[in-house]
Amino acid sequence: MLYLNILRFSFLRFFSYPYEIIATFLRTVVEIAFLIFFWSLFTKNAHDSFGVVGFASYFLIASGINELVMAQWGKFAGAIGEAIKTGTINNYLLKPLSVLPVFYAIAVGRHGVNKILAIVTIVIGLLLQPPQTFQSFLFFLFFFINALFIAYGWNILEGTMFFHSADARGMRNAVNHIIGVFSGLLIPISLFPEPFKGFFKMTPFPWMIFGPVNALKITDFSDEVLGDIAIVLFWSLTLNIIAHLFWSWSIKKYEAIGI
Amino acid sequence: MKQSEFKLFFKERFILLKANIVFTFQKETAYWADNWASILSTVFYTLSMLIFINVLYTNVTTIVGYSKNDMLLFFFIGQMTFYTTWAISAQNMQEFILDVNRGDLDMILTKPLPALFYITFKRVRIFSNIIRDGIPPTIAIVLAIDWSAFHFGFLSLSSAIALFFLGQICLHVLQFVSVIPVIWLGESTSIFKLAFDVESYAGRFIPLEGFNMYFRVLFGAIFPVMISTSFTTSVLLGKSNPITLLIWAMIVSIIGLIIRGVVWRFALRSYTSASS
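Positions within a chain are numbered from 1, following the residues in the order the chain's sequence is written. Lettering for chains starts from A, numbering for ligands starts from 1, and both go in the order in which the items are written. Only residues with pLDDT of 70 or above have their local features reported here, since the model is predicted, and side-chain atom pairs are shown and tallied only from 80 upward, although totals for entire chains, interfaces and linings are computed over all residues. Note: side-chain values were computed over all heavy atoms of the structure, leaving out hydrogens and water.

Draft legend 1. Molecular detail of the overall build of chain A. Secondary structure elements follow DSSP: runs of H or I of four or more residues count as helices, runs of E of two or more count as strands, with numbering from the N terminus. Counting secondary structure elements, chain A contains twelve helices and zero strands. Helices and strands appear in chain A in the N-to-C order α-α-α-α-α-α-α-α-α-α-α-α. C-alpha atoms define the radius of gyration, and 2.2 Å times the number of residues to the power 0.38 defines the globule rule. The globule rule puts the C-alpha radius of gyration for 259 residues at 18 Å, and the 19 Å found for chain A is close to it. Overall, the C-alpha framework of chain A stretches about 65 × 45 × 35 Å when taken along its three principal axes. Residues classed as buried in chain A amount to 53% of the 259 residues present. Whether a residue is buried, partly exposed or exposed follows from its accessible area with a 1.4 Å probe, protein chains only, as a fraction of its type maximum: under 20%, in between, or over 50%, in that order.

Now the structure itself:
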């Protein structure tokens, strides 16, 4: 209940500036519109035509998933990093609550409008190109839930870096540029040349965004799908264990400024 | 204007600009650790975009008539545009929002200096944004381009340079107009970010030839984000008439500067001080 209240309060604060809400909404529209427009130009020359509708559906769903799971430029990691840099984390560490869920609630609440818009874009994307079968939709849900876990763990890792380095913001920027390309947010992983595609699928990045979107095309348990499921479960579990261990270790080392 | 007043006009601004450049350099080099992280960030961005372009062109031979080499040139010009505007204008405009909210604008307005000029060139980040952040990753792009495939004539090269700088003026005007609502609304960060996103996508992501005439007027004149990168690249590649685009850019820049002056004066009349 506490964390829901934090989420709600963070969400309502944003409404102090209604023009900011409109601008935030327009930013998402601009980003998706230009991505779809760019890929429509690409399809005019592509050897294998994905189709404009295919690309539009892909980027609508991908950008929605990115916002919901907080993959690239994760607001959850940003909230942790900001609190560490400014020292406001001390306020939360003193209180009898779990710090990570607080930051998660703050991140979700502050960007609540974006989250609502993300759901809308996913729905539009699904309407443009619906899942092939009901099983495809179940695969989508499975990969989406795992994407949430993977991105959650990754955000904790990113945010915890701020305990250890004054350069953490720059390092975070560097990593997020990589995520933009290798998560499938900027370009579908299926367009990568074969050997590289196999390599990147072993990393956690594609499973934050490309995994759920691609799952809409899955219709049965082929060997490839079983392999993908194994990889995604591995990263969901491993990344969160590593992230929480790293967080616990960093908190023990943390020296606060002040009394 | 008398000759002495004319000299004083430029001398005042020159002294202010020199002081801003020196102070900015001292501030940027105070914490060297920040520098490595920043270089890492820009290098990774450039590498990820080079990978993106390479992956794109494994699937196609041209996009809107641009070969891979042409697209790399477009990316190169786009990066030059970004680092230049980020060093000279964009961050100063973001700071203007903070200046208004914290009341620092009062301090600027009460001082006997040209306030608009000062706000525009408050920090000139030549070292951090151009030398430190811009040069290392740009070298990677320069090495990726096959320069022997291009044949730049004197007219196209000189027009391209002029277009680049006129485009920077237009970008600054757009950024200024996007932050000035802070005077009335109390906040305009998202409006600024919206303008920056439009510039990123319409100006540096899709070449001029990808747009029809209506969008060229929209993003070349009304929201002039295309001049610095798209116009410049198109002229260099010989895809557009340099004189036509140069005249277009000059008209848009002049109108833009007039609008900036008018908006500033109007904003000052509406400005109520943050202090008591």
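There's plenty left to go through after this.
Draft legend 2. Layout of the overall build of chain B. The helix and strand inventory of chain B stands at 13 helices and zero strands. Starting at the N terminus and ending at the C terminus, chain B contains elements arranged as α-α-α-α-α-α-α-α-α-α-α-α-α. Relative to its length of 276 residues, chain B is compact, with a C-alpha radius of gyration of 20 Å against a globular reference of 19 Å. For chain B, the C-alpha atoms occupy an extent of roughly 65 × 45 × 40 Å along the three principal directions. A buried classification covers 55% of the 276 residues belonging to chain B.

Draft legend 3. Quick peek at the layout of surface pockets. All names here are of chain B. Of the volumes computed, that of the second largest pocket is approximately 430 Å³. With a 1 Å grid laid over protein atoms only, a set of points is called a cavity when a 1.4 Å probe fits there but cannot get out and a pocket when it is open yet has protein on both sides within 12 Å along at least five of seven lines; lining residues have an atom within 4 Å of a point. Contributing to the lining of the second largest pocket are 14 residues, with I88, T120, F121, I169 and H172 lying nearest its centre. Listed by contribution, the elements that provide at least two residues to the lining of the second largest pocket are α3 (68-102), α5 (115-120), α8 (154-179) and α13 (242-270). Gly is placed with the polar residues, together with every amino acid not listed as nonpolar (Ala, Val, Leu, Ile, Met, Phe, Trp, Tyr, Cys and Pro) or charged (Asp, Glu, Lys and Arg). Looking at the lining of the second largest pocket residue by residue, the class counts come to seven nonpolar, six polar and one charged. Grid points are joined across faces, edges and corners, and a volume is the space filled by probe spheres set on the points.

Draft legend 4. Expanded view of the interface of chain B and chain A. Throughout, a residue-residue contact means that at least one pair of heavy atoms, one from each residue, lies within 4.5 Å. With 37 residues of chain B at the interface, the matching set in chain A holds 34 residues. Summed over both partners, the accessible surface that disappears when two parts come together, traced with a 1.4 Å probe, is what is meant by buried area. Both sides of the chain B and chain A interface together cover about 3400 Å² of buried area, and 76% of this is carbon and sulfur. By salt bridge we mean one thing: a side-chain nitrogen of Lys or Arg within 4 Å of a carboxyl oxygen of Asp or Glu. For the pair chain B and chain A, the number of links is one salt bridge. Put simply, A:R27 and B:D197 hold a salt bridge, and the shortest N to O gap is 2.6 Å. What qualifies as a polar contact is a pair of N or O atoms within 3.5 Å, subject to a donor-acceptor requirement within protein and to the restriction that residues adjacent in sequence count only when both atoms come from side chains. Scanning the region where chain B abuts chain A turns up two residue pairs in polar contact (both at pLDDT 80 or more). Secondary structure elements with two or more residues in the side of chain B that touches chain A: α2 (32-56) and α10 (189-204) of chain B. For the side of chain B that touches chain A, the residue count by class is 23 nonpolar, ten polar and four charged.

Draft legend 5. Layout of the environment of A:L93. Residue and element names in this part refer to chain A. Turning to its location among the elements, L93 is positioned in helix α5 (residues 89-94). Residue classification places L93 among the partly exposed positions, given a relative accessible area of 34%. A sequence separation of 96 residues divides L93 from I189, and the C-alpha atoms of the two residues are 40 Å apart. If near-sequence neighbours (up to four positions away) are discounted, L93 is found in contact with V99, I251 and Y254.

Draft legend 6. Broad picture of the nonpolar core. Grouping buried Ala, Val, Leu, Ile, Met, Phe, Trp, Tyr and Cys residues that are joined through side-chain atoms within 4.5 Å yields what is termed a nonpolar core. In this structure, A:W39, B:F52 and B:I63 are the most contacted members of the largest nonpolar core, which totals 130 residues. Here this core gets 13 residues from one element, more than from any other, and that element is helix α8 (residues 134-164) of chain A. With sequence-adjacent residues up to four places away left out, B:F52 is seen in contact with A:F38, A:W39, A:L186, A:I187 and B:F205. Residues B:M93, B:I108, B:F117 and B:F176 belong to the second largest nonpolar core, which totals 26 residues.

Draft legend 7. View of the environment of B:M49. Note on placement: B:M49 falls in helix α2. Residues B:M49 and B:F76 lie 27 residues apart in sequence; the distance between their C-alpha atoms is 11 Å. Those residues within four positions of B:M49 in sequence are excluded, and the remaining contacts are A:L186 and B:F75.

Draft legend 8. A look at the side chain of B:S240. Residue and element names in this part refer to chain B. Along the chain, S240 falls in the loop between α12 (227-236) and α13. One polar contact links S240 to S234, side chain to side chain, over a distance of 2.6 Å. With residues near it in sequence (within four places) discarded, S240 still touches L208, E209, S234, V235 and L245.

Draft legend 9. Fine view of the pattern of salt bridges. In total, this model carries 15 salt bridges over all chains according to the counting rule given. The partner of A:E67 in a salt bridge is A:K115, with the nearest N and O atoms 2.8 Å apart. Here A:E67, found in helix α3 (residues 52-69), pairs with A:K115, found in helix α7 (residues 112-128); they are 48 residues apart in sequence, far enough to count as distant. Linking A:E158 and A:R172 is a salt bridge whose minimum nitrogen-to-oxygen distance equals 2.5 Å. Linking A:E158 in helix α8 with A:R172 in helix α9 (residues 168-182), this pair joins segments that are 14 residues apart in sequence. Just as A:E158 is buried, A:R172 falls in that class too. Residues participating in the shared-partner salt-bridge network are B:E95, B:D99, B:R102, B:D104, B:K122 and B:R125.

Draft legend 10. Representation of empty space enclosed by the protein. All names here are of chain A. All told, the structure shown has one cavity of 30 Å³ or more when counted by the stated rule. Volume-wise, the largest cavity comes out at about 40 Å³. Taken together, F143, K201, W207, F210, G211, N214, I218 and D228 make up the lining of the largest cavity. By residue number, the principal contributor to the lining of the largest cavity is helix α11 (residues 210-215), which donates three residues. In terms of residue class, the lining of the largest cavity is made up of four nonpolar, two polar and two charged.

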